[in-house]
Number of protein chains: 2
Amino acid sequence: MNLLSIGQVAKAVGISVETVRFYEKQGLLLAPMRSESGYRQYKPDTLKQLRFIQRAKKVGFTLNEIKELLSLRKIPNSNCTNLKQRALKKIGEIDAKLNDLNRIRDSLSQLSRRCNSEENIVDCPILEYLDDDKRNEKDESRTHL
Amino acid sequence: MNLLSIGQVAKAVGISVETVRFYEKQGLLLAPMRSESGYRQYKPDTLKQLRFIQRAKKVGFTLNEIKELLSLRKIPNSNCTNLKQRALKKIGEIDAKLNDLNRIRDSLSQLSRRCNSEENIVDCPILEYLDDDKRNEKDESRTHL
DNA sequence: TTAGACCCTATAGTGTACTTCAGGGTCAAG
DNA sequence: CTTGACCCTGAAGTACACTATAGGGTCTAA
Ligand SMILES: [Zn+2]
Ligand SMILES: [Zn+2]
Ligand SMILES: [Zn+2]
Ligand SMILES: [Zn+2]
């Protein structure tokens, strides 16, 4: 069966055992089976779920939002149409984040492009601006940040 | 000159005046000039900066990280090479986030694709899995989440 | 059979990012 | 000249996501 202790799980994904127990209490992780002595015993699948949680956290989802994302795997009280709609809604939220992230990325890459690595600071052309233009071009005076 | 009050700024970007003052205290916003009576008077640029902050927050940057991002506009104690390196490092962090976000997006879109909107719940093929495969294919038993 | 690494629960404490409160002052409209 | 919407500071309070502490039990190896 090859089950994992909480310590093995925590170490494998790089979090603390307390965090794993915390996620269980918050409903992000299902309570695993227990050994005779009451120790938690995790299926290897748990690692994937925890890594999913970590990715989602890194891009700004709250634990409650992550719980919603994970709930898409579970049987909804309604039908597939409902489930699919919820998934598509989440994808929309993700696309909004991708958009924000790309805007920030563009700002920074424009900033680094404008800066010639060889020049000295006094000639640097980018010391005042971090543009977020290139999108929403119809906005008012969009010149800086 | 067309300066904005803190209330106008807050309303324009959809946050509270307290949050604007809080960002100033945290160093994310430079202290603006004041009117004779001590009221803050913002240049319209401030709106762009606040919107940048909001985008960055949404994709999981902390206020301290955002301060670092914003600091790329300012004169560093060193030279352009240093500045450019910092910008490129940040871009790397953003690319990692883009990667995570795309993995999550793939999981969800695969989930919604597998689910035929017409079928009833009993036939639904996706009720147990939310894959994060397609990347890191060399990993151990990568079948679920 | 005992030291040390690990596990358990319950509860308290921490850091981040606000939000609210207390006690004011400013200003345009009526 | 007062009323109401707005502004000020400083301090206290809150929600979220952990993190640490207290007071245990388990297990493996010397
Ligand atoms: Zn430069
Ligand atoms: Zn289905
Ligand atoms: Zn008051
Ligand atoms: Zn103890």
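Residues numbered from 1 in each chain as written. Chains lettered and ligands numbered in written order. Predicted model: local features only at pLDDT ≥ 70, side-chain atom pairs only at ≥ 80, totals over all residues. Heavy atoms only, no water.

**Q** Please set out the protein's contact with DNA strand D residue by residue, giving values where relevant.
**A** Taken together, 16 residues lie near DNA strand D, and Tyr23, Tyr39 and Leu63 of chain A together with Arg21 and Arg40 of chain B sit nearest. Among all atoms of DNA strand D positioned within 4 Å of the protein, those belonging to sugar or phosphate total 81%. At a separation of 3.0 Å, a phosphate oxygen of DNA strand D approaches a polar side-chain atom of Arg34 of chain B. Contributing elements (two or more residues each) for the surface near DNA strand D: α2 (17-25) of chain A together with α1 (6-13) of chain B. Per element, the largest residue contribution to the surface near DNA strand D is three residues, and it comes from α2 of chain A. Tallied by class, residues from the surface near DNA strand D come to six nonpolar, six polar and four charged. (Near = heavy atom within 4 Å. Polar contact = N/O pair within 3.5 Å; in protein donor to acceptor, adjacent residues only side chain to side chain. Helix = DSSP H or I, 4+ residues; strand = E, 2+ residues; numbered from the N terminus. Nonpolar A, V, L, I, M, F, W, Y, C, P; charged D, E, K, R; others polar.)

**Q** Any details on the protein's contact with DNA strand C? Residues and values, ideally.
**A** Near DNA strand C you find 19 residues, and of these Gly7 and Arg21 of chain A together with Tyr23, Tyr39 and Leu63 of chain B are the closest. Put simply, 77% of the atoms of DNA strand C that lie within 4 Å of the protein are in sugar or phosphate. Here a phosphate oxygen of DNA strand C sits 3.0 Å away from a polar atom, N or O, in the side chain of Arg34 of chain A. Between DNA strand C and Lys57 of chain B, the relevant distance is 3.5 Å, taken from a phosphate oxygen to a side-chain nitrogen or oxygen of the residue. Elements supplying a minimum of two residues to the surface near DNA strand C: α1 (6-13) and α2 of chain A together with α2 (17-26) of chain B.

**Q** Break down the pattern of salt bridges for me, citing the residues and quoting the values.
**A** Residues and elements named next belong to chain A. This model, assessed by the stated rule, comprises twelve salt bridges over all chains. Here Glu93 makes a salt bridge to Lys89, at a shortest N to O gap of 3.7 Å. Taken as a pair, Glu93 and Lys89 lie in helix α5 (residues 80-114) at a separation of four residues, close to a single helical turn. Judged by its relative accessible area of 29%, Glu93 falls in the partly exposed class. Three or more residues joined by partner-sharing salt bridges are found here, namely Glu68, Lys89, Lys90 and Glu93. (Salt bridge = Lys/Arg side-chain N within 4 Å of Asp/Glu carboxyl O. Buried < 20%, exposed > 50% of the residue type's maximum accessible area, 1.4 Å probe, protein only.)

**Q** Which residues make up α1 of chain A, and what are the values?
**A** Residues and elements named next belong to chain A. Within α1, the full set of buried residues consists of Ile6, Val9, Ala10 and Val13. The buried residues of α1 occupy an angular sector of 95 degrees when the element is viewed end-on, so they sit on one face. Immediately downstream of α1, the backbone of Gly14 shows phi near 80 degrees, a positive value. (Arc of directions from axis to C-beta.)

**Q** Now, about the nonpolar core: what can you tell me, with residues and values included?
**A** Core analysis: the largest hydrophobic core is formed by 66 residues, its most contacted members being Val20 and Leu50 of chain A together with Val20 and Leu50 of chain B. The contact partners of Leu50 of chain A, leaving out residues within four places of it in the chain, are Val9, Val13, Ile15, Val20, Tyr23 and Leu29 of chain A. (Core = buried A, V, L, I, M, F, W, Y, C linked by side-chain atoms within 4.5 Å. Contact = heavy atoms within 4.5 Å.)

**Q** Kindly report on the confidence of the model for chain A, identifying the contributing residues and their values.
**A** In the predicted model, chain A carries a mean pLDDT of 83, and the fraction of residues at 70 or more is 75%. Contacts for the low-pLDDT stretch residues 133-145 of chain A, under 50 throughout, to residues beyond four places or in other chains number 37 contacts. (pLDDT = per-residue confidence, 0-100.)

**Q** Explain the packing of aromatic side chains to me, using residue names and the numbers behind them.
**A** This structure, assessed with the given rule, holds two aromatic pairs over all chains. Between Phe22 of chain B and Tyr23 of chain B, the aromatic rings sit 6.1 Å apart at their centres with planes inclined by 45 degrees, giving tilted as the arrangement. When its relative accessible area of 35% is taken as the criterion, Phe22 of chain B is described as partly exposed. A relative accessible area of 7% means that Tyr23 of chain B is categorised as buried. The positively charged end of Lys97 of chain A is found above the aromatic ring belonging to Phe61 of chain A, 4.6 Å away from the centroid. (Phe/Tyr/Trp six-rings, centres within 6.5 Å; stacked < 30°, edge-to-face > 60°. Lys NZ or Arg CZ within 6 Å of the ring centre and 35° of its normal.)

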